[in-house]
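Descriptive analysis of the structure
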Amino acid sequence: MFLAQLTSLAGTADVTVNVSSNLAVVPATAYGIHTSVYANNFGSSALPGDLSQGGISVMRYPGGGYADVFHWSASRPALGSGNGYGMSPWFGESGNYGYMGTDSDFGSWVRVLTNAQCQALITVDFGSGQKWSSSADDSMTFPTTNAEPPEAAAWVAYANANTNIYGTASDVTLGSDSQGNNWKTAGFWAMLRAATPLATDDGYNFLRIGRKAPIGIKYWEIGNETYGSGYYDSGGDNGYSVNYAVPYPYTSDRRYGNASLSPATYGKCLKNFSILMKAVDPTIKIGAVVSTPPDDYSWDSYDGQHWTDQVLMQCATNMDFVIAHSYPYNGDLDNGVETLPIPASLYPAMVNGTGAHTDGSTAGLKDEIAAYRADTTNVQIFITEFGYSGSLTNAENGEPITGPVNALFAADSYATWLELGVANIDWLEMSADTYLGGNSPPMPGCVYYAVQMARAMAGPGDQLVSATSSATGLRVHAAVQQSGNIGVLLLNENMTGSQTVNVSIPNANLASSATQIQFGANNFSASSADGNIPISSPTTNMISVSGNSLSVTLPAYTVAELAIPLQTNTPPILTAVSFSNGQFAMQISGETGPDYEIQVSTNLTQWSAAFITNFPAMPFTWQDSAATGSVRFYRAIVGPPLP
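Residues numbered from 1 in each chain as written. Predicted model: local features only at pLDDT ≥ 70, side-chain atom pairs only at ≥ 80, totals over all residues. Heavy atoms only, no water.

1. Side note on the overall build of the protein chain
For the record, the criterion: Helix and strand assignments follow DSSP, with helices taken as H or I runs no shorter than four residues and strands as E runs no shorter than two, numbered in order from the N terminus. We compute the radius of gyration over the C-alpha atoms and compare it with the globule rule, which gives 2.2 Å times the number of residues raised to the power 0.38.
For the protein chain, the count of helices and strands is eleven helices and 30 strands. Against the globule reference of 26 Å for 643 residues, the protein chain gives a C-alpha radius of gyration of 28 Å, in line with a compact fold.

In structure tokens form, the structure reads like this:
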């Protein structure tokens, strides 16, 4: 199969961009990155700038599985040890508190968030109640329940409440939980945020950040992969997602099929979380964990009931976005031939489905939403973790593989999901060598540049449009940017051969030159110890444009971003209006290429189209057959394109 694909890909590819075929507008939340508290580079002064320059607009925190043992008002790096202070033990294991990197507590993380000018996506603890031990180190012990709503609502209060509500009738009482914690009021946490550290730390100094203004965090997801608690493990297991609703270990308390871990229970709990959290701030958005079609249909059923259906039956009206994770697997030590086709072959079925919702195995995420919400446009889809779960070979036949393939896969994934209407995509993860690495100073990896180039093609507010390629291994995405310029993303998925790509953009009046950014195999070394770290950054050059087309040559395993400006329109010129045989006539001169529209008005305020012509030969003459001798004014509008 691989040799056949190489043969079909070699040579030339023709690409056509349809600037009138709108797919989706890129949302402000599109380009995200997953961050975890075990990263060691949060204290780097270079990190905020690197994230901003990399095109990131959303940071997810505090991690994946870590979110369900993390307590925002208590968890912080332990002095002199690798264990995170104030986290619940993993899976009922004494002393297993996990690791927190320097400056990874929430107060410190907010400073990074602010300086990077990003939005936050918070994963609140669902798995572990906050239970303090009575030991000398005052650490956490095994809770008798999973997390409860007051802890999450207090986090919303710390982030978003105004200090002026403290002590007033407008303050929101959050109450106490079953583990003995008094979560006070929304105003209390707002005042803590605004305070400066005390001379003697009472345990809250890391949250005293001297910020009176609210942080303004809008997006909150309830738990992380909450279906992984052991509920579906028929062989008996603790699962991989912590949930103390059932005590550990599984050998003492059965987790498989236990109603306390069921999707219906999660949906009911999410409803309670949402109500209390929105009592603090009604403007926030709540996310619900769903399974990911179509692959998860192979395991996410108990007694014939799928996870997502059971969740949304309970809480569809209390959530604002669904959370899916994507870790496709097509084998290990892949050279790219199995990994790179995934976005085109899998993602449309994941989002749009391939059959009826009632089928139970072909529904997509949009089908699931539509089954439980009539106002589907008010429910967004977030992919808050993704990556290829198999392994890649570092090099083959002296050619680098790992870095170029990860870059192509990531860039194609972001662009494909955005075309399908997904609102947020988060690569896992910031501290991986594929992105910025876990140490200080950060070191940009292959996916860092891939995301940067995808955003250069289509940033927030830009309109993604359809584009086609004549070659299977040449992927293409395109956008009409808010500036009116055209962005094109080309991905050569051929491992051994370069491709000459002929790009045609009809109905667009292009300038005579464009900018090309390239990044791929030539930026990596096959002998590098870490194949995800490039030896050079992307290259930039100018290319010529002829009319509505241009040609570029892409080396093997390379992504290119084309920034194509439009030609500045030359104002059309109207000759003197003549009157012949009872009708007005005029001649219009201007550039050849754009569309022209003649508009008519009787008062210079309200204008209507009287004539539209596409790509006329210049100059052209037009007669106003509707003129009756009354006062009429005329003006010419230049495209492109016009209806």
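And the narrative resumes.
2. Quick word on helix H8 (residues 342-352)
Our working definition: Here's how the labels work: a residue is buried when its accessible area is under 20% of the maximum for its type, exposed when over 50%, partly exposed in between, all with a 1.4 Å probe on protein chains only. Any two residues whose heavy atoms approach within 4.5 Å at even a single point are treated as in contact.
For H8, the full list of buried residues reads Ile 342, Pro 343, Leu 346, Tyr 347, Ala 349, Met 350 and Val 351. Contact partners of the buried residues in H8: strand S11 (321-326), helix H9 (365-372), strand S12 (380-386), helix H10 (402-419) and strand S17 (474-480). Directly beyond the C-terminal end of H8, a positive phi value near 75° is found at Gly 353.

3. Quick look at the nonpolar core
How we decide: We call a set of buried Ala, Val, Leu, Ile, Met, Phe, Trp, Tyr and Cys residues a nonpolar core when their side-chain atoms join them within 4.5 Å.
Formed by 142 residues in total, the largest nonpolar core has its most connected members in Leu 51, Phe 106, Trp 220, Met 277 and Tyr 435. Of all the elements, H10 adds the most residues to this core, at ten residues. Counting residues in hydrophobic clusters, the runner-up holds 26 residues, among them Val 17, Val 476, Leu 554 and Leu 562.

4. Quick notes on the sheet that holds S12
Quick reminder of the rule: For two strands to pair, DSSP has to find at least two bridges joining them. In this analysis an axis means a line fitted to C-alpha atoms, helices contributing only their contacting stretch, and an angle means the value between N-to-C directions, from 0 to 180 degrees.
Strand order in the closed barrel made by the eight strands is S2-S3-S6-S7-S8-S11-S12-S15, with parallel pairing throughout. Direction aside, the axes of adjacent strands within the sheet are offset by 25° on average. Sheet topology note: the strand S2 (residues 31-34)/strand S15 (residues 424-427) ladder contains three bridges and is parallel. Bridge pairing in S15 places Ile 33 opposite Trp 427. Contacts from helix H6 (residues 263-280) reach strand S6 (119-124), strand S7 (219-222) and strand S8 (285-289) within the one sheet, and its direction differs from that of S8 by about 165°.

5. Comments concerning the pattern of salt bridges
Inclusion rule: Any Lys or Arg side-chain nitrogen located within 4 Å of an Asp or Glu carboxyl oxygen qualifies as a salt bridge.
Taken as a whole, this structure holds seven salt bridges when the rule is applied. Measuring nitrogen to oxygen at the nearest pair gives 2.6 Å for the salt bridge that ties Arg 60 to Glu 221. With Arg 60 in strand S3 (residues 58-61) and Glu 221 in strand S7, the pair connects residues that are 161 residues apart, well separated along the chain. By the burial criterion, Arg 60 is buried, and Glu 221 matches it. With a shortest N-O distance of 2.8 Å, Glu 385 and Arg 60 are connected by a salt bridge. On the criterion of sequence distance, the pair formed by Glu 385 in strand S12 and Arg 60 in strand S3 is long-range, its members being 325 residues apart.

6. Focus on the sheet that holds strand S16 (residues 463-469)
Pairing in this open sheet of nine strands is mixed, and the strands run S21-S20-S23-S18-S17-S16-S1-S19-S22 from one edge to the other. Of all strands in the sheet, those bounded by a partner on one side alone are strand S21 (539-544) and strand S22 (549-554). On average, each strand axis in the sheet is tilted by 25° relative to the strand beside it, whichever way the strands run. Sheet topology note: the strand S1 (residues 11-25)/S16 ladder contains seven bridges and is antiparallel. Of the residues in S16, the one forming a bridge with Val 15 is Ser 469. H10 contacts S1, S16, S17, strand S18 (486-492), strand S20 (513-520) and strand S23 (558-564) of the sheet and is inclined by roughly 45° relative to S17.

7. Focus: the side chain of Thr 29
For Thr 29, the position within the fold is in the loop between S1 and S2. In this view, Thr 29 contacts Ser 57, Val 58, Gln 119, Tyr 219, Phe 382, Ala 423, Asn 424 and Ile 425; residues no more than four positions away in its chain are not counted.

8. Thoughts on the environment of Gly 590
Its location among the elements puts Gly 590 in the loop between strand S26 (583-589) and strand S27 (596-601). Taking relative accessible area as the criterion, Gly 590 reaches 31% and is therefore assigned partly exposed. Setting aside its immediate chain neighbours within four residues, Gly 590 contacts Tyr 596 and Met 618.

9. Digging into the side chain of Ser 75
Note the threshold: Whenever a nitrogen or oxygen atom comes within 3.5 Å of another N or O atom, the pair is scored as a polar contact, on the condition that within protein one atom can donate a hydrogen and the other can accept it, and that pairs from neighbouring residues in sequence are kept only if both atoms are in side chains.
Tracing the backbone through its elements, the reader meets Ser 75 in the loop between S3 and strand S4 (76-77). Take Ser 75: its relative accessible area is 0%, and that puts it in the buried class. A polar side-chain atom of Ser 75 sits 2.7 Å from the main-chain carbonyl oxygen of Gly 86. If sequence neighbours within four positions are ignored, Ser 75 has contacts with Phe 70, Tyr 85, Gly 86, Met 87, Met 100, Asp 105 and Phe 206.

10. What about the packing of aromatic side chains?
Remark: the centre distance and the inter-plane angle together describe each pair of aromatic rings, the angle taken between the planes. Stated precisely, the cut-off is as follows: For Phe, Tyr and Trp, rings pair up if their centres lie within 6.5 Å, where Trp contributes its six-membered ring, and each pair is then called stacked (planes under 30 degrees apart), edge-to-face (over 60) or tilted (otherwise). Charge-over-ring placement is defined geometrically: NZ (Lys) or CZ (Arg) within 6 Å of the ring centre, and within 35 degrees of the ring normal.
Under the criterion given, the structure shown has 47 aromatic pairs. Between the aromatic rings of Tyr 449 and Phe 519, the centroid separation amounts to 5.1 Å while the plane-to-plane angle is 50°, which identifies the pairing as tilted. Here Phe 519 lies in strand S20 and Tyr 449 lies in helix H11 (residues 446-457), a separation of 70 residues in the sequence. With a relative accessible area of 13%, Tyr 449 lands in the buried category. Where Trp 622 meets Tyr 634, the ring centres are 6.0 Å apart and the plane angle is 70°; that geometry is what we call edge-to-face. You can see Trp 622 sitting in strand S29 (residues 620-624) and its partner Tyr 634 sitting in strand S30 (residues 633-638), a full twelve residues away along the chain. Here Trp 622 matches Tyr 634 in class, with each residue buried. Cluster of aromatic residues (ring-pair linked, three or more members): Tyr 61, Phe 70, Trp 72, Phe 106, Trp 109, Trp 155, Tyr 158, Trp 183, Phe 188, Trp 189, Tyr 204 and Trp 220. A cation over an aromatic ring shows up here: Lys 184 above the ring of Phe 188, its NZ or CZ 5.0 Å from the ring centre.

11. Notes on the pairing of S1
Remark: a regular strand shows side chains that alternate across the two faces of the sheet. Summarising the sheet, S1 and strand S19 (residues 499-504) pair through six bridges and their orientation is parallel. Directly across from Gly 11, in S19, lies its bridge partner Gln 499.

12. Digging into the environment of Gly 336
Inspection of the secondary structure puts Gly 336 in the loop between S11 and H8. When its relative accessible area of 0% is taken as the criterion, Gly 336 is described as buried. Placed 157 residues apart in sequence, Gly 336 and Glu 493 show a C-alpha to C-alpha distance of 8.0 Å.

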